[in-house]
Amino acid sequence: MTDRLIVLISGRGSNLQAIQAACVSGQIPAQIAGVISNRPEAAGLAIARRAGLPTQVVDHRRFASREDFEAALDEAIATWPSDWIVLAGFMRALTPGFVDRHRGRLVNIHPSLLPAFTGLHTHSRALRAGVCWHGATVHFVTAELDGGPIIAQAAVPVDPEDDEARLANKVLAAEHRLYPLALAWLCRGALKLEGDRVHWRQSPPPQERSLLAMIPEDGTCTVQR
Ligand code: GRF
């Protein structure tokens, strides 16, 4: 029996698309049980429907409190049996209550090399800070915003000619490599959350845990060690 993922989105859905492709190709030994968006207008919903995936919308604007929204989200999640809840561009902060209920099976991708640049606008902040390396992080979700134990990271070099859009594209291409890789390890049982740490059952952890992603002009992501 393969694992089942529920993917939570708010917008474009390019990570959802990469994850779905990796499930279909067998890279991730799992299937997407369903996709939930908190925004009815999310473009990712069309991607899900085109792939034949069941979708639901839980519009946060219809609820008076975060707790009410999350109760409805829990109901939507419970519609499908699932092993993992995968946040892929899901732009709502989650309460400690929700995070605790799903602890150990809730993962996120964040567009920076955490713990640097938690929160929003990571690419412009990285440029302003003048860092030489930027990237993306897959981590377990805990109550601390973007602060959960790190599963894997991809670094991209920041080039002098990078502006925010160019840097964002480079990081996104790396995300599309990194998230499927991390989800494949999770679904194969290579690691789990133990207390506040990632415990690797497979020792040492896979080398690709720290990807060095090179993005040439054509946008395809190649990876070096
Ligand atoms: C990604 O950069 C992800 O890291 C961040 O939001 C963006 C979502 O993009 N959390 P997409 O919707 O997957 O295209």
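Before reading on, note that the structure itself is shown above.
Residues numbered from 1 in each chain as written. Predicted model: local features only at pLDDT ≥ 70, side-chain atom pairs only at ≥ 80, totals over all residues. Heavy atoms only, no water.

## With respect to the pairing of strand β4 (residues 84-87)
Right, so step 1: The alternating pattern of β4 places Trp84 and Val86 and Ile85 and Leu87 on opposite faces, both of which are buried.
Right, so step 2: By the bridge criterion, four bridges tie strand β1 (residues 3-9) to β4 in an arrangement that is parallel. Within β4, the residue paired with leucine 8 across the bridge is leucine 87.
Right, so step 3: Here three bridges tie β4 to strand β5 (residues 106-110), and the two strands are oriented parallel to one another. The partner of valine 86 across the bridge, within β5, is valine 107.
Right, so step 4: Between β4 and its parallel partner β5, the chain crosses via helix α4 (residues 96-101), and the hand of that crossover is right-handed. (Buried < 20%, exposed > 50% of the residue type's maximum accessible area, 1.4 Å probe, protein only. Helix = DSSP H or I, 4+ residues; strand = E, 2+ residues; numbered from the N terminus. Pairing = 2+ DSSP bridges. Right-handed = clockwise from strand over helix to strand, strands pointing away.)

## Section: unusual backbone geometry
Right, so step 1: Across the junction of leucine 114 and proline 115, the peptide omega takes the value 10 degrees, indicating a cis bond.
Right, so step 2: Look at phenylalanine 117: it is not a glycine, yet its phi comes out positive at around 55 degrees.
Right, so step 3: When you line up the elements, phenylalanine 117 lands in the loop between β5 and α5 (122-129).

## Digging into the packing of α5 against helix α6 (residues 164-187)
Helix packing geometry: the angle between the two helix axes and the distance between the axes.
Right, so step 1: Their axes nearest at 9 Å, the elements α5 and α6 cross at an angle of 115 degrees. Comparing their axes, α6 and α5 come out roughly perpendicular. As for how α5 packs across α6, the hand of that crossing is right-handed. Across the interface between the two elements, His123, Ser124, Ala126 and Leu127 from α5 touch Glu164, Leu167, Ala168 and Val171 from α6.
Right, so step 2: Of the residues contributing to the contact of α5 with α6, the split by class is five nonpolar, two polar and one charged. (Axes fitted to C-alpha atoms, helices over the stretch in contact; angles between N-to-C directions. Parallel < 35°, antiparallel > 145°, perpendicular 65-115°, else oblique. Left-handed = near helix turned anticlockwise from the far one by under 90°. Contact = heavy atoms within 4.5 Å. Nonpolar A, V, L, I, M, F, W, Y, C, P; charged D, E, K, R; others polar.)

## Remarks on the packing of helix α1 (residues 14-25) against α6
Right, so step 1: Interaxial distance between α1 and α6 falls to 9 Å at its minimum, and their mutual angle equals 45 degrees. Comparing their axes, α6 and α1 come out oblique. As for how α1 packs across α6, the hand of that crossing is right-handed. Within the contact between the two elements, α1 uses Ser14, Asn15, Ala18, Ile19 and Ala22 and α6 uses Leu172, Glu175, His176, Tyr179, Pro180 and Leu183.
Right, so step 2: Its residues assigned to classes, the contact of α1 with α6 comprises seven nonpolar, three polar and one charged.

## Quick word on α1
Think of an α-helix as 3.6 residues a turn; residues three or four steps apart then line up on the same face.
Right, so step 1: With 12 residues, α1 extends 17 Å between its outermost C-alpha atoms, agreeing within 8% with the 16 Å of an ideal straight helix rising 1.5 Å per residue.
Right, so step 2: For α1, the full list of buried residues reads Ser14, Asn15, Leu16, Ala18, Ile19, Gln20, Ala22 and Cys23.
Right, so step 3: The inward-facing, buried residues of α1 abut β1, β2 (30-37), α2 (43-50), β4, β5 and α6.
Right, so step 4: At the C-terminal side of α1, glycine 26 shows a positive phi close to 95 degrees. (Expected span 1.5 Å × (residues − 1).)

## Points about the side chain of threonine 122
Right, so step 1: Within the secondary structure, threonine 122 sits in helix α5.
Right, so step 2: For threonine 122, a relative accessible area of 3% translates into the label buried.
Right, so step 3: A polar side-chain atom of threonine 122 sits 2.8 Å from the main-chain carbonyl oxygen of proline 111.
Right, so step 4: Filtering out sequence-adjacent residues up to four positions away, threonine 122 remains in contact with His110, Pro111, Ser112, Phe117 and His134. (Polar contact = N/O pair within 3.5 Å; in protein donor to acceptor, adjacent residues only side chain to side chain.)

Remember that the coordinates give geometry; whether it matters functionally is a separate question.
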